[in-house]
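Residue strings, one per chain:
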Amino acid sequence: MTSHRIGSLAAETLHFTFDGTRYHGRPGDTIASALLANGVRVVGRSFKYHRPRGIMGYGVEEPNALVDVTLNGITTPNLRATTEALVDGMIVRSVNASPTAADDRKGFLDRFAQFLPAGFYYKTFIWPDWHRFEPSIRAMAGLGRLDPRNQPPAQNPQIAAHCDVLVIGGGPAGLHAAQQAMGEGKSVMLVDDQPVIGGSLLSRSAEIDGKPGLEWAATVSADLQANGHRVLTDTTAYGIYDHNLVALWQRRAGQSDAQWRVRAKEIVLAAGAIERPLIFPDNDRPGVMLADAALSYLARHKVLVGRRIVLATNNDRAYPVADALRRAGAAVTIADLRPQASDGALASAKIEAVHGPKGVEAVTISGQRIAADSLLMAGGLTPSVHLYCQAGGKLTYDETIAAFVPRDDLPGIRVVGAAAGQYALTEILSLGGEPHPYAIAPAWPQRDAKGRQWVDFQNDVTVKDIALAERENFRSVEHLKRYTTLGMATDQGKTSNMNGLATMAALTGQTIPQTGTTTYRPPFVPVPFGVVAGRRRGEFFNPVRRLVLEREHRDAGAVFREYGGWLRPAWFGGANAAANIRREAIAARTTVGILDGSPLGKIEVIGADAGALVDYNSYNTLSNLKPSRIRYGFMLTESGVIYDDGVTSKISDEHYVVSCSSGHVAGVVARLEEWRQDRFDPARVFVHNSTPQWATLTASGPNSKALVAALGLGVDLDDAALPHMAFADGQFQAAPARVSRVSFTGDRSYEIAVPSAKAASLLAAMQEAGKPLDAVLMGSEALLLLRAEKGYVIAGKDTDGTTMPQDLGIIGPMQKRQNEYVGRRSLLTDNAQRPDRSHFVGLTVEGDTTLPVGAHGVETLNSKRRSIGFVTSSYDSPTLNRPIALGLIERGMERKGEVIDLVHLGQTFRARIAEPCAFDPEGARLNA
Amino acid sequence: MQLFSCPFCGPRDETEFTFGGEAGKERPEPAPDVSAEDWSKYLHRVGNPRGRTREIWVHHTCGEYFLMERDTVSHVVAGTQSLRGGGA
Ligand SMILES: [Zn+2]
């Protein structure tokens, strides 16, 4: 064993397996620290070459240690072992390796590496078709395994919050900023992605305000919380959006992860910095690790990553790391790449080879082979400027620290600490005094690189791949990225982008700032989709609206379907849809059907200008109605297209009720409101949507009058007093009840509207009164069938985005109305007046086959077949005992009687163009 | 997600708002006197300016249409204003 836990092993109480072997870990471990504590070196295989890989980092930057984790029978793929807390009972598997990471069958691929250069797939699998090769290549390269059972419930809360100052990062810089903001009386929120506040203080010792660093951090955090400020740990700020909105992903032990959306007056970015790898041959061997990571495993988990350690560095930050490792018992050789080195370190060191395919065994430094079990890299820090750049910040290259740093603060956004290139505590805490030595001498890869030197570990991009991209003229960093896939893996290049662009700079002879960076986009780390979706999944994705009487309908055997956003009874009586719809339709034509029509719009327009507003909104004039009368009509868009149809009731000159189709209520309210405010005096007319306050039950059929009469609503039902297209107000159980004679079936019908609270009583009363009249409950399907027999249009089903009222033969208002209405001018355009428009017609089938909806009418001209329209509605009519259909057919109104061919999915049909109304054209049944 | 300030309700998330149209666009009428070109312009032509723009938006929560001046590049909202004259 190389890496191991130091001190007592008594606390190893958590059990887990990795690639089938049982191990132990302790509370506070990540999967990575537990694997290292158990001496596991190979934790995965690289994406392209299946090279054995070990743990390289400590946190979000980790490129190698991706694992599939099974817990409680559910597998989550591609988690970073370095950021996943160890839980008792976890089954951990390496990805991209079979059967195990240590013995991967595809390891042979590495020997073909010279045949798999950058762009290999682009160049090789062009002919005949990439898709022929794609499945096997994907199976070979894929990361992780999807678990179809991994369907977590939609329990991720999304929490909105706001504060004066949001501090991202709980290291010394963030804590200092939070402390200051609190002192200024501002409300503060501090977030950190680690389980403990402290940042670099968790692994590097310091003294602040006379206290040890960690104790100071805990005190500040406790102070913040004691003063009512929020401190969130295990929380990653992953995206920054317009107007200072920050998205946070919070991991909560034993609970679903949460998303926070925080709107802050000021954002302080104290996200720290990430250490860079050094570039040398075989720098991807298991056991090659970042120096900062090794320090964190030691300080936070008592895990020593090796016994004989080589520490390669180009800066001074590595020396305290060596001290700490030595104190823990390791033998450390410092290979300093700089010409000046201290403390017995090797100076001007050159890492020439790393030996040991499955874990470091020795390192050749400047010609000298040194036995070692670990090789640590300290390549300098890359400030975490991701969120700053997402917000539109521009970077500037600071030669003294060899890093890109924020150029200016943005409005409402400040960058502090290591993220701003300030690495010394004295500088961060404004203490004055000597800055901590850093003294980096960058060691960027050079053109003459020997051997295979990894830049992007996860996507297997080497210096040679970048050189190839350069030769093939993919020199812009954005091209480099896409051609080589540098920085495109799940780690998004956190350890590789800087080295990659520096390599390109060296190859092209440009400076690093001239070469520039790629674009930073959210998310900063992979965030589970469930966190982004929150509860908007499944039935909450687009919730249906529900009827007051849903339970009563369910008890009566209703089968529900969604219609226009409402969950409505489609039919009653169980699984046999066709038979039940037929039964209901026949009863509604012969006795009486009872239908829940509550979703129909009831939009009240009230005020002195109410008539003018409803007229302007409508194709037909409505204000010249007599009170207590109802008129059918269309609403058009400004393009003249039919938007909706429905009836409007006039209560008085200053009060109308617009009844639009159920799916269009919100839209009709919105357009009435828009014109009210844009065109009318909003003090003289009001629009109120009272749809949800009222339940509407309809009795339709020859026995409907007797049924309503039996309810005793106090309404004179004599046809002279209450003719078709009129309404009267009565009472039902001391509540108002409006009885309207409108019909969507073509039979005598009564719509009874009562306050929603009375809906159940009214339904019960109607069923009771209906018993001797052979009444049936009727669902939406029977209604749709009955209206089709009558040729009544459904806007959006029998019309499309071009249908105008003249296409239904309704030209009166267009020809006669003298005042303005929505869509008027569009009815007069050349296009609207074209003779070859599609008209709404009936289609009488030759034979007894029901036409498929969507079947196209076709004609053949000069041996070329073309569409002349299509079927919009089609049913098997129980009333007529034959199929019926409606459609939009070119010049349909002129072609009545003509027989046309229709085709659908290879089938051919014939139908005669007819009037839309197939049943009772004279309308006698409305009063039967 | 942007933050817009309804003149009646104050700052709210943009999801509560819908774009209503360019400010100052006049509906040409009466219809018989309007040329096809003018009607087409009214229906389809929008300035889509880069930078400062004046727009009508509606806040669904209260239902009010109002004027908003904003920048289409920086997304800075310069201000919002009620369309109601006389402080109604
Ligand atoms: Zn508002």
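Residues numbered from 1 in each chain as written. Chains lettered and ligands numbered in written order. Predicted model: local features only at pLDDT ≥ 70, side-chain atom pairs only at ≥ 80, totals over all residues. Heavy atoms only, no water.

**Q** An account of the packing of aromatic side chains is needed here, citing residue identities and associated values.
**A** Evaluation of the coordinates by the stated rule reveals 15 aromatic pairs over all chains. Ring geometry for Y58 of chain A and Y297 of chain A: centres 4.8 Å apart, planes at 65 degrees, overall edge-to-face. Within this pair, whereas Y58 of chain A is found in the loop between β5 (52-53) and β6 (66-71), its partner Y297 of chain A is found in helix α6 (residues 291-301), the two being separated by 239 residues in sequence. In this structure, Y58 of chain A and Y297 of chain A share a single accessibility class: buried. Ring centres 5.1 Å apart and planes at 80 degrees place the aromatic pair Y616 of chain A and W675 of chain A in the edge-to-face group. Of this pair, Y616 of chain A sits in helix α17 (residues 610-617) while W675 of chain A sits in helix α18 (residues 665-679); the two residues are 59 residues apart in sequence, bridging distant segments of the chain. Exposure remark for W675 of chain A: the relative accessible area of 10% places this residue in the buried category. Taken together, F4, F17, F19, W57 and F66 of chain B form an aromatic cluster joined through their ring pairs. (Phe/Tyr/Trp six-rings, centres within 6.5 Å; stacked < 30°, edge-to-face > 60°. Helix = DSSP H or I, 4+ residues; strand = E, 2+ residues; numbered from the N terminus. Buried < 20%, exposed > 50% of the residue type's maximum accessible area, 1.4 Å probe, protein only.)

**Q** Hey, could you go over the coordination of the zinc ion for me, with residue numbers and the actual values?
**A** Residue and element names in this part refer to chain B. Around the zinc ion, the protein supplies C6 (SG), C9 (SG), H59 (ND1) and C62 (SG) as donor atoms, at distances of 2.0 to 2.3 Å. Here the zinc ion binds four donor atoms, and the angle range of 107 to 111 degrees at the metal identifies the geometry as tetrahedral. The motif formed by the donor residues of the zinc ion, counted along the single chain, is C-x2-C-x49-H-x2-C. C62 gets classed as partly exposed once you look at its relative accessible area, which sits at 33%. (Donors = N, O, S within 2.8 Å, 3.2 Å for Na, K, Ca; no water. Tetrahedral: all angles 85-135°; square planar, octahedral: opposite > 155°, others 65-115°.)

**Q** Talk me through the packing of α17 of chain A against α18 of chain A; I want residue IDs and the actual numbers.
**A** Residue and element names in this part refer to chain A. α18 packs onto α17 with a crossing angle of 120 degrees between their chain directions and a minimal axis gap of 10 Å. As judged from the angle between their axes, α17 and α18 are oblique. In the packing of α17 onto α18, the handedness of the crossing is right-handed. Touching L613, Y616 and N617 of α17 are R671, L672, W675, R676 and R679, all from α18. In terms of residue class, the contact of α17 with α18 is made up of four nonpolar, one polar and three charged. (Axes fitted to C-alpha atoms, helices over the stretch in contact; angles between N-to-C directions. Parallel < 35°, antiparallel > 145°, perpendicular 65-115°, else oblique. Left-handed = near helix turned anticlockwise from the far one by under 90°. Contact = heavy atoms within 4.5 Å. Nonpolar A, V, L, I, M, F, W, Y, C, P; charged D, E, K, R; others polar.)

**Q** Let's hear about the UniProt feature "domain: SoxA A3" (unreviewed entry) in chain A: which residues, and what values?
**A** As annotated in UniProt, the feature "domain: SoxA A3" (unreviewed entry) corresponds to residues 450-534 of chain A in the numbering used here. Across residues 450-534 of chain A one finds 45% helix and 6% strand; the C-alpha atoms that close the span lie 50 Å apart. (UniProt positions renumbered as here; feature names shortened; annotations may be inferred.)

**Q** Give a detailed account of the sheet that holds strand β24 (residues 368-371) of chain A, specifying residues and quantitative values.
**A** Residues and elements named next belong to chain A. A sheet is described by the order of its strands in space; here three strands give the open sequence β22-β23-β24, paired in antiparallel fashion. Either end of the sheet is taken by a strand with one partner, and the two such strands are β22 (351-355) and β24. Taking the axes of each pair of neighbouring strands and ignoring which way they run, one obtains an average angle of 20 degrees across the sheet. Pairing analysis gives four bridges linking strand β23 (residues 362-365) to β24, with the strands arranged antiparallel. Bridging across to β24, A362 finds its partner in A371. (Pairing = 2+ DSSP bridges.)

**Q** Describe in detail the interface of chain B and chain A, supporting the description with residues and values.
**A** Each partner contributes to the interface: chain B provides 23 residues, whereas chain A provides 25 residues. In total, chain B and chain A occlude about 1900 Å² of area from one another, counting both sides; carbon and sulfur atoms represent 47% of this. Contact with chain A buries surface across chain B, with M1, R27 and Y65 of chain B losing the most and accounting together for 33% of the total. For the pair chain B and chain A, the number of links is four salt bridges. (Buried area = accessible area lost by both parts, 1.4 Å probe. Salt bridge = Lys/Arg side-chain N within 4 Å of Asp/Glu carboxyl O.)

**Q** Can you tell me about the UniProt feature "domain: GCVT N-terminal" (unreviewed entry) in chain A, naming the residues and giving the values?
**A** This chain's UniProt record puts "domain: GCVT N-terminal" (unreviewed entry) on residues 551-810 of chain A. For residues 551-810 of chain A, helix accounts for 28% and strand for 31%, while the C-alpha atoms at its two ends are 41 Å apart.

**Q** Give a detailed account of the packing of helix α4 (residues 172-183) of chain A against helix α5 (residues 213-226) of chain A, specifying residues and quantitative values.
**A** Residues and elements named next belong to chain A. Contact pair α4 / α5: the axes reach a minimum separation of 10 Å and the direction vectors enclose 35 degrees. For α4 against α5, the interelement crossing comes out left-handed. Every residue of α5 that contacts α4 at P172, L175, H176, A178, Q179 and M182 is listed here: W216, A217, V220, S221, D223 and L224. Partitioned by chemical class, the residues of the contact of α4 with α5 number eight nonpolar, three polar and one charged.

**Q** Requested: an account of the pattern of salt bridges, with residues and values cited.
**A** The full count for this structure, using the stated rule, is 58 salt bridges over all chains. Between R149 of chain A and D147 of chain A there is a salt bridge, and its shortest N-O distance comes to 3.4 Å. For R149 of chain A, a relative accessible area of 57% gives the class exposed. Judged by its relative accessible area of 11%, D147 of chain A is buried. With a closest N to O distance of 3.5 Å, R54 of chain B and E69 of chain B form a salt bridge. On the criterion of sequence distance, the pair formed by R54 of chain B in strand β4 (residues 52-59) and E69 of chain B in strand β5 (residues 64-71) is long-range, its members being 15 residues apart. A relative accessible area of 44% means that R54 of chain B is categorised as partly exposed. You can call E69 of chain B partly exposed: its relative accessible area is 22%. Taken together, the salt bridges that share partners define one network made up of R51, R53, D282, D284, R285 and D460 of chain A.

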